[in-house]
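# Topology and contacts: notes
These are the residues of each chain, in order.
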Amino acid sequence: MILDGKEIAVKLQNEIRTNVEELKKRLINPALAVVQVGEEKASESYAKNIRKEGENLGIYVEHHKLPTEIPEEEFLYNIKNLNLRKDIHGILIELPLPEHINKSKVIETIAPEKDVDGFHPINFGKLFEGTTPFQPATAQAILTTIKTVVTIEGKYAVVIGRSNIVGKPTAALLLQENATVTICHSKTRNLQEITRLADILVVSVGKAKLIDKSYVKPGAVVIDAGINKIDGKLVGDVDFESVKEVASYITPVPGGIGVLTTLMLFRNTLKAAKLQNKII
Ligand code: NAP
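Given the structure is predicted, the values throughout are model-derived calculations rather than measurements. (Residues numbered from 1 in each chain as written. Predicted model: local features only at pLDDT ≥ 70, side-chain atom pairs only at ≥ 80, totals over all residues. Heavy atoms only, no water.)

## Considerations on the sheet that holds strand 1 (residues 31-37)
Threshold: Two strands qualify as a pair provided DSSP detects at least 2 bridges between them. Secondary structure elements are defined from DSSP: runs of H or I of at least 4 residues count as helices, runs of E of at least 2 residues count as strands, and each element is numbered from the N terminus. Think of each axis as a best-fit line through the C-alpha atoms, taken over the contacting stretch in the case of a helix, with angles from 0 to 180 degrees between the N-to-C directions. We call two residues in contact whenever any of their non-hydrogen atoms come within 4.5 Å of each other.
Read from one edge to the other, the open sheet built from 3 strands follows the order 2-1-3, with strand pairing classed as parallel. Of all strands in the sheet, those bounded by a partner on one side alone are strand 2 (60-66) and strand 3 (90-93). In this sheet, adjacent strand axes meet at a mean angle of 20 degrees when their direction is disregarded. Summarising the sheet, strand 1 and strand 2 pair through 7 bridges and their orientation is parallel. The residue bridging Val37 from the neighbouring strand is Leu66, located in strand 2. Packed onto the sheet, helix 10 (residues 257-276) meets strand 1, strand 2 and strand 3 and runs at close to 125 degrees relative to strand 1.

If you want it as structure tokens, here you go:
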């Protein structure tokens, strides 16, 4: 069966809108600042999508577009200003940053209570402790999707990819939900032997169609976070046509996890607005 991200998205959008209305009744206008450096096409379109979804949900998105050559100090100064503003609840820094700007320094400058991406070391540490207020968006999208079709507790979950953005946070959340978790990466030996044992297989590698049905246990739930382009067409890391023959559930690309990721960012922004106003 195909796990349609759009169907899950509709429910989530309704949940978010209800929360936004409740906040607005208390005269709180949830707001997210998106900081973009340079004019790369991917960053432009990411910012545009966030603005559009924000409008759709009633959440204010303030887009800060800074020049590529901005000195690091000045960039950090911009973030510190956003930290101080009471009307901004979440801060999202678009990655990648230009080479002269130190990514870790930037992430550590964001106030942890406004770190809606969940990448600040304090929040990342709390993620593994099981107490972060801001679960990273893609991992949250993956967990939400899995939970619509299967109970995670007791399952054997394999995550391919160990990035801080997707692989590690997804593994942490699966562990928190009482799965038994293995993380695989480019140095993993006998990848296929491991993945063939998985009840839940999450793939976040960035290599088109890396995983075909020979890697998948019959009946497994397969989640594809990969976003790749072949001849201008979006494809995932999973060979969809091959794997759908054996998986019980599979997410498509496009139309799967990607659809939900931005919504999770707004869910985190709402949580930030509530926490900053001592509502939760
Ligand atoms: P990344 O930082 O490049 O990490 C890729 C991971 O894959 C690394 O851990 C790497 O291992 C591992 N890997 C590479 N080749 C492998 C192989 N042959 N076998 C097993 N593991 C292998 O990428 P990322 O940020 O996680 O992104 C991965 C994909 O997800 C990309 O297509 C990206 O566009 C997409 N993505 C989607 C969303 C969404 O919302 N849907 C969000 C973020 C990213 P090493 O650690 O050993 O190098």
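## Points about helix 5 (residues 121-129)
Just so we agree on the cut-off: Note on classification: 1.4 Å probe, protein chains only; a residue is buried when its accessible area is under 20% of the maximum for its type, exposed when over 50%, partly exposed between these limits. This arc is taken over the directions from the axis of the helix to the C-beta atoms.
Taken together, the buried positions of helix 5 are Asn123, Phe124 and Leu127. One side of helix 5 carries all its buried residues, which in axial view fall inside an arc of 100 degrees. Lining the buried residues of helix 5 we find helix 7 (167-176).

## Describing the nonpolar core
The criterion, for reference: We define the nonpolar core as a collection of buried residues of types Ala, Val, Leu, Ile, Met, Phe, Trp, Tyr and Cys that are connected through side-chain atoms lying within 4.5 Å of one another.
In this structure, Ile142 and Leu174 are the most contacted members of the largest nonpolar core, which totals 49 residues. Sorting elements by how many residues they give to this core places helix 10 first, with 9 residues. For Leu174, the contacting residues outside a window of four places in its chain are Leu143, Ile146, Ile152, Ala157, Val159, Ala179, Val181 and Val202.

## Examining empty space enclosed by the protein
To keep it simple, the criterion reads: As defined here, a cavity is a set of points on a 1 Å grid over the protein atoms alone where a 1.4 Å probe fits but cannot get out. A pocket is an open set with protein on both sides within 12 Å along at least five of seven lines, and residues line them when an atom is within 4 Å of a point. Grid points are joined across faces, edges and corners, and a volume is the space filled by probe spheres set on the points. Ten residues, namely Ala, Val, Leu, Ile, Met, Phe, Trp, Tyr, Cys and Pro, are considered nonpolar, four, namely Asp, Glu, Lys and Arg, are considered charged, and the remaining ones, Gly among them, are considered polar.
Under the counting rule described, the total for this entry stands at 1 cavity of 30 Å³ or more. Its boundaries defined by the atoms lining it, the largest cavity holds a volume of some 60 Å³. Along the walls of the largest cavity sit Ile91, Ile93, Leu95, Val106, Ile107, Ile110, Asp115, Asp117 and Phe119, which together make up its complete lining. Looking at the lining of the largest cavity, the elements that each hand over two or more residues are strand 3 and helix 4 (103-109). Within the lining of the largest cavity, the residues separate by chemical class into 7 nonpolar, no polar and 2 charged.

## Some thoughts on the site of the ligand
As a reminder, the rule being used: Put simply, a residue is near a molecule or strand once any heavy atom of it comes within 4 Å of that molecule or strand. For this analysis, a polar contact is any N or O atom pair within 3.5 Å, provided that within protein one partner can donate a hydrogen and the other can accept it, and provided that sequence-adjacent residues contribute only side-chain to side-chain pairs. Computed with a 1.4 Å probe, the accessible areas rest on the Shrake-Rupley method; for each residue, only the protein chains presented here act as cover.
Taken together, the neighbourhood of the ligand is formed by 19 residues, with Arg162, Ser163, Ser186, Ile227 and Thr261 sitting nearest. In the model, an oxygen atom of the ligand is placed 3.4 Å from a nitrogen or oxygen of the Thr138 side chain. Coverage of the ligand by the protein amounts to 70% of the 930 Å² it exposes when considered alone. With 3 residues, helix 10 is the largest single contributor of residues to the shell around the ligand. Residues belonging to the shell around the ligand are distributed by class as follows: 6 nonpolar, 11 polar and 2 charged.

## Remarks on the environment of Phe240
Turning to its location among the elements, Phe240 is positioned in helix 9 (residues 240-243). A sequence separation of 115 residues divides Phe240 from Gly125, and the C-alpha atoms of the two residues are 34 Å apart. In contact with Phe240, other than residues within four places in its own chain, are Ile2, Ile250, Thr251 and Pro252.

## Remarks on the layout of surface pockets
Rules: Where each domain starts and ends comes from a domain assignment, either automatic or drawn from a database.
When its volume is computed, the largest pocket comes out at roughly 1,500 Å³. If you trace the largest pocket, you find 44 residues lining it, with Tyr46, Ile227, Gly258, Thr261 and Thr262 closest to the centre. Looking at the lining of the largest pocket, the elements that each hand over two or more residues are helix 1 (5-25), helix 2 (41-57), strand 3, helix 6 (137-147) and helix 10. The leading source of residues in the lining of the largest pocket is helix 2, at 7 residues. Residues of the lining of the largest pocket, tallied by class, amount to 22 nonpolar, 14 polar and 8 charged. For the lining of the largest pocket, the two domains that each supply at least three residues are domain 1 (26-114) and domain 2 (137-259).

## Some details on the domain arrangement of the chain
Looking at the chain, the domain boundaries give domain 1 (26-114) and domain 2 (137-259). Placing a centre on the C-alpha atoms of domain 1 and another on those of domain 2 gives a separation of 29 Å.

## Concerning the packing of helix 5 against helix 7
At a minimum axis separation of 8 Å, helix 5 and helix 7 run at an interaxial angle of 35 degrees. Counted together, Phe124, Leu127 and Phe128 of helix 5 and Lys168, Pro169, Ala172, Leu173 and Gln176 of helix 7 form the full contact between these two elements. Of the residues assigned to the contact of helix 5 with helix 7, the class counts are 6 nonpolar, 1 polar and 1 charged.

## Regarding the pattern of salt bridges
Under the convention used in this document: Here, a salt bridge means any Lys or Arg side-chain nitrogen found within 4 Å of an Asp or Glu carboxyl oxygen.
Inspection of the entire model under this criterion finds 9 salt bridges. Each of Glu62, Arg85 and Asp87 takes part in salt bridges that share partners, so that together they form one network.

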